[in-house]
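Read off the chains here:
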Amino acid sequence: MITKLKITLVLIALGFVFVVLDVSCPTGLSYPHKYKNTTKVIGEFQYYNIKTNYNARCTYKLIDTSPKTDKKPLVGQEQNNVSTAKTKVIDKVFFKGSNDRGFYADIFSDVLGFLFLAIASCLLMKCSKRFVMGLMMSIAGIIVRAIIIALPIFINSLSLVYGAFSLGIIYLMINAITIFIIISGLFAMIPGVWCRDERKWCKIIWYAAFPSQVISTFAFWLGADFTPLTNVAWFGIILAVALYGLFFKVLLRAKDYLNKSYEEHYIND
């Protein structure tokens, strides 16, 4: 039998998956202008931020990294014996897509994920005051993520790099706090010693899923120009999703107490 509680739990599970997974794809839409490179920060920092938030490509250049000394310049045969060290670095950054202005969207939209969590929090507000905070944090997540997506429309160059980086850190914190608050709200619905094991194992699973999610986020950022690190990040994300699936499997062992708590606050109220 499909009940409001089951629908709510499904919404929470989908919300967790959508805010964890990021799979971008072209939309056929374009930003109003190309990305404007700046010389005030290195190309790598620009690329990591633009690639992570908006999808990007880059070009490279070789720079001379030979050690500099105070000795007099070598001449003749001596000069021919000196080797020059070259290092490949990122030169220019471009948005991907048509005319280097392509807009990419996340298939597992974070905005939609936070919307699921907001709806679920509304449906469980009477069960615990923590869901009120969960609703507020979900709304904050929707707003911050929408601002990040829209930033290239209004700003460019260094402002875009710093704006995306700063808001990205804030967004990661909102992401973690929202999931934590909603999980603690679910725990509040199954109090007492009779659900002690379920709470214990759910906490252990979350303690493993959360670091995996955060580390993977930074691995994606640093791995924008290093494929092996990106592969590690994908492993962490898949692990986090699997652990959240296990979390709900363990939580549903206490489904009778979840139903009892829900009925006490909504049906028998």
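In this text, all values refer to a predicted model and were calculated from it rather than measured experimentally.

Chemist: With reference to specific residues and values, describe helix α9 (residues 255–267).
Modeler: Listed as buried for α9 are Leu258, Ser261 and Tyr262. Taken down its axis, α9 places every buried residue within 95° of arc, on the same side. Across α9 from its buried face, at more than 90 degrees, point the exposed residues Asp256 and Ile267. Here the buried face of α9 lies against α1 (4–20), α4 (110–123), α6 (157–188) and α8 (227–251).

Chemist: Give me the lowdown on the packing of aromatic side chains, citing residues and values where you can.
Modeler: Applying the stated criterion across every chain, the model contains 22 aromatic pairs. Between the aromatic rings of tyrosine 31 and tyrosine 54, the centroid separation amounts to 6.2 Å while the plane-to-plane angle is 90°, which identifies the pairing as edge-to-face. Residue tyrosine 31 is found in the loop between β1 (24–30) and α2 (43–54), and its partner tyrosine 54 is found in helix α2; the two are separated by 23 residues along the sequence. With respect to burial, tyrosine 31 and tyrosine 54 carry one shared label: buried. An aromatic cluster of at least three residues, connected via ring pairs, comprises Phe16, Phe187, Tyr244, Phe247 and Phe248. Between the NZ or CZ atom of lysine 88 and the centre of the ring of tyrosine 60, over which it lies, the distance is 4.5 Å. Stacked on the ring of tyrosine 171, the Lys or Arg arginine 145 has its end atom at 5.6 Å from the ring centre.

Chemist: Just give me the short version of the packing of α1 against α4, but keep the residues and values in it.
Modeler: Their axes nearest at 8 Å, the elements α1 and α4 cross at an angle of 155°. It follows that α1 is roughly antiparallel to α4 by the angle criterion. In terms of crossing hand, the pair formed by α1 and α4 is left-handed. For the pair α1 and α4, the contacting residues are Thr8, Leu11, Ile12, Leu14, Gly15, Phe16, Phe18 and Val19 in the first and Asp110, Leu112, Gly113, Phe114, Phe116, Leu117, Ile119, Ala120 and Leu123 in the second. Class assignment for the residues of the contact of α1 with α4 results in 13 nonpolar, three polar and one charged.

Chemist: Explain unusual backbone geometry to me, and be specific about the residues and the numbers.
Modeler: The phi dihedral of aspartate 100 is positive, around 60°, even though this residue is not glycine. Counting through the fold element by element, aspartate 100 comes out in the loop between β3 (86–95) and β4 (102–106). Judged by its relative accessible area of 15%, aspartate 100 is buried. Here the phi dihedral of serine 157 falls at roughly 60°; this positive angle occurs in a residue that is not glycine. Along the chain, serine 157 turns up in helix α6. With relative accessibility at 13%, the residue serine 157 sits in the buried group.

Chemist: Report on the packing of helix α7 (residues 196–222) against α8, specifying residues and quantitative values.
Modeler: In contact at an axis separation of 8 Å, α7 and α8 are set at 160° when each is read in the N-to-C sense. Viewed along their axes, α7 and α8 adopt a mutual orientation that is roughly antiparallel. As for the relative orientation of α7 and α8, their crossing is left-handed in sense. Here the residues of the contact of α7 with α8 sort into 22 nonpolar, five polar and one charged.

Chemist: If you had to explain the environment of alanine 140 to someone new, which residues and values would you point to?
Modeler: If you trace the backbone, alanine 140 turns up in helix α5 (residues 130–154). As for alanine 140 and proline 211, which are separated by 71 residues in sequence, their C-alpha atoms are 22 Å apart.

Chemist: Break down the state of the cysteines for me, citing the residues and quoting the values.
Modeler: Tallying each qualifying case throughout the model produces zero disulfides. This cysteine, cysteine 195, is not joined by any disulfide, and cysteine 202 carries the nearest cysteine sulfur, 10.0 Å off.

About the thresholds
Residue numbers run consecutively from 1 along every chain, following the written order of its sequence. In view of the model being predicted, local features appear only for residues whose pLDDT reaches at least 70, and side-chain atom pairs are presented and counted only at 80 or more, with totals across whole chains, interfaces and linings using the full set of residues. The basis for every side-chain value is the complete set of non-hydrogen atoms in the structure, without hydrogens or water. We call a residue buried when its accessible area falls under 20% of the maximum for its residue type, exposed when it is over 50%, and partly exposed in between, using a 1.4 Å probe and counting protein chains only. Runs of H or I in DSSP of at least four residues are treated as helices and runs of E of at least two as strands, each being numbered from the N terminus. Along the arc lie the directions from the helix axis toward the C-beta atoms. Note on contacts: a residue pair is in contact if any heavy atoms of the two residues lie within 4.5 Å. Classification of ring pairs rests on two measures: the distance between centres of Phe, Tyr or Trp rings, Trp counted by its six-membered ring, which must be within 6.5 Å, and the angle between planes, read as stacked under 30 degrees, edge-to-face over 60 and tilted in between. Think of it as a cone above the ring: NZ of Lys or CZ of Arg counts as a charge over the ring if it is within 6 Å of the ring centre and within 35 degrees of the ring normal. Note on geometry: axes are C-alpha line fits, over the in-contact stretch for helices, and angles between N-to-C directions span 0 to 180 degrees. Angles are sorted into four bins: roughly parallel if under 35 degrees, roughly antiparallel if over 145, roughly perpendicular if 65 to 115, and oblique for all others. Here is the rule for handedness: rotate from the far helix to the near one, and if that takes an anticlockwise turn smaller than a right angle the crossing is left-handed, while a clockwise turn gives right-handed. Put simply, Ala, Val, Leu, Ile, Met, Phe, Trp, Tyr, Cys and Pro go in the nonpolar bin, Asp, Glu, Lys and Arg in the charged bin, and everything else, Gly too, in the polar bin. Criterion for a disulfide: a pair of cysteine sulfur atoms within 2.5 Å.

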